[in-house]
Amino acid sequence: MKRSKAFCVNCGRETDRLIDGLCAKCYSEKGGFSQIDGRLRIEMCPVCGFIKHRGKWIEEDLYEGMRRLIIENTSFSPHITWRRVDVDFRRKGKTLYDAAIKIEGEIDGNKVEENLYTEILVEKTVCPRCSRKAGKYYEAIIQIRTDERGFDKGEMESIEKYLTESVNRLGKEGRDVFIADRKETRGGVDFYISDKRVAHSLVYQIRDRFGGEIKTSAKLFGMKDGVKQYRMTYLLRLHKYRKHDVIVKDEKIFYIKWFSSSGVKAVDLKSWKEYSFRHKEIVDFNVLRKEDFVREAVVVSKRGKEIQILDPDTYRTVDAVIPAEIELDKTVKIVKYRDEIFLIPPSIE
Ligand SMILES: [Zn+2]
Ligand SMILES: [Zn+2]
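A. The arrangement of the nonpolar core in detail. Among the nonpolar cores identified, the biggest contains 25 residues, and Val246, Ile253, Ile309, Val335 and Leu343 are the most heavily contacted of them. Top contributing element to this core by residue count: strand β24 (residues 331-337), with four residues. With 23 residues, the next largest nonpolar core counts Ile159, Tyr162, Val189 and Ile193 among its residues.

B. Main features of the packing of helix α4 (residues 155-172) against helix α5 (residues 196-210). Where α4 contacts α5, the axes come no closer than 11 Å and their chain directions differ by 140°. The pairing of α4 with α5 is recorded here as oblique in orientation. For the pair α4 and α5, the crossing hand works out as right-handed. Along the contact surface, α4 presents Ser158, Ile159, Tyr162, Leu163, Ser166, Val167 and Leu170, while α5 presents Val198, Leu202, Gln205, Ile206, Arg209 and Phe210. Split by residue class, the contact of α4 with α5 holds nine nonpolar, three polar and one charged.

C. Structural context of the pattern of salt bridges. Per the counting criterion, the structure on display carries 35 salt bridges. Note that aspartate 86 and arginine 84 form a salt bridge whose closest N and O atoms lie 3.0 Å from each other. The class of aspartate 86 is partly exposed, set by a relative accessible area of 30%. Given a relative accessible area of 43%, arginine 84 falls into the partly exposed group. Aspartate 195 is the salt-bridge partner of arginine 175, the closest N and O atoms lying 3.9 Å from each other.

D. Representation of helix α2 (residues 62-73) in the model. The terminal C-alpha atoms of α2, which comprises 12 residues, lie 16 Å apart, in line with the 16 Å expected from a rise of 1.5 Å per residue. Every buried residue of α2 is accounted for by Leu62, Gly65, Met66, Arg68, Leu69 and Ile70. Buried residues in α2 make contact with β4 (39-44), β5 (51-53), β8 (81-91), β9 (96-107) and β10 (110-124). Sitting at the amino-terminal end of α2 is aspartate 61, which places a side-chain oxygen 3.2 Å from the backbone nitrogen of tyrosine 63.

E. View of the side chain of lysine 240. In this structure, lysine 240 sits in the loop between β15 (227-238) and β16 (246-249). Accessibility expressed as a relative area gives 15% for lysine 240, which makes it buried. Here valine 283 takes part through its backbone oxygen, which lies 2.8 Å from a polar atom of the side chain of lysine 240. The contacts of lysine 240, once residues within four sequence positions are left out, are Asp147, Glu148, Arg149, Asp245, Val283, Phe285 and Val287.

About the thresholds
- Residues numbered from 1 in each chain as written.
- Chains lettered and ligands numbered in written order.
- Predicted model: local features only at pLDDT ≥ 70, side-chain atom pairs only at ≥ 80, totals over all residues.
- Heavy atoms only, no water.
- Core = buried A, V, L, I, M, F, W, Y, C linked by side-chain atoms within 4.5 Å.
- Buried < 20%, exposed > 50% of the residue type's maximum accessible area, 1.4 Å probe, protein only.
- Helix = DSSP H or I, 4+ residues; strand = E, 2+ residues; numbered from the N terminus.
- Axes fitted to C-alpha atoms, helices over the stretch in contact; angles between N-to-C directions.
- Parallel < 35°, antiparallel > 145°, perpendicular 65-115°, else oblique.
- Left-handed = near helix turned anticlockwise from the far one by under 90°.
- Contact = heavy atoms within 4.5 Å.
- Nonpolar A, V, L, I, M, F, W, Y, C, P; charged D, E, K, R; others polar.
- Salt bridge = Lys/Arg side-chain N within 4 Å of Asp/Glu carboxyl O.
- Expected span 1.5 Å × (residues − 1).
- Polar contact = N/O pair within 3.5 Å; in protein donor to acceptor, adjacent residues only side chain to side chain.

In structure tokens form, the structure reads like this:
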């Protein structure tokens, strides 16, 4: 097909591509490739610093947010391949910024550069999350308690850390959730959570990590749009035994290897056989706390299944028999119970 000739209306050069009647070179010198409004607005929460973006509050640096706003609100000529946008901000007033914008691009090998200017007004609006937080709004309470025993050193702190970090992470992801309040009570700590679905999922996560039984209750607290509103209480009672504790019943002694929401995996310390127990099967077992009963001992000698170790309390050599012939490290973990010494299988972490 014969190509029709085209001439640039400005310089008269023949070209195979005309843009608004101009060759690429003349077009690149014309200017006015992009437009922006003279004033833009951005909403920022003065409490948490979050920025509103398309109806959602997100964690974003103010300058990043203003830059994004500028790019979203600039109309760019589609004929140009845009390469970069530089913005120079200058604070003009308490909530007003000047933005000098330099954009660069290219059309058929001709460089294009353009400068735009706008103002950005930062509107301070307390986000819904912060305003509800200020009102200590909550939909659920997570109560952490123990079963008979007190809390271990650091145990409550670990749970609280897990809870706080999870809530913060969800908040950063745009979920409208916060811890409205925290109250220490006689048996543990109560956490007031603004979102009951989040609270529900969190209490199950905590149980899977730290063990325990959950009891749920609901309390009517009002009506919203003709629908009854309930506040939930999730009581998590931690088990009296934990991973690596020893449990004893009727001459049987087990080392808890692994813990889940439904039960435990435990090793019989006499046979090194593994057993699974559901939590309700072991409620009446005796618990030997790992801090008090699990010790480290030096292996003195080993012949087959017969070994000698150094009693860590008396520094005397004592004999023990292990159920299986295996390699041993220089030290082993032992349980001393009623003048007997049991070895914990070294394969257990
Ligand atoms: Zn031209
Ligand atoms: Zn806020």
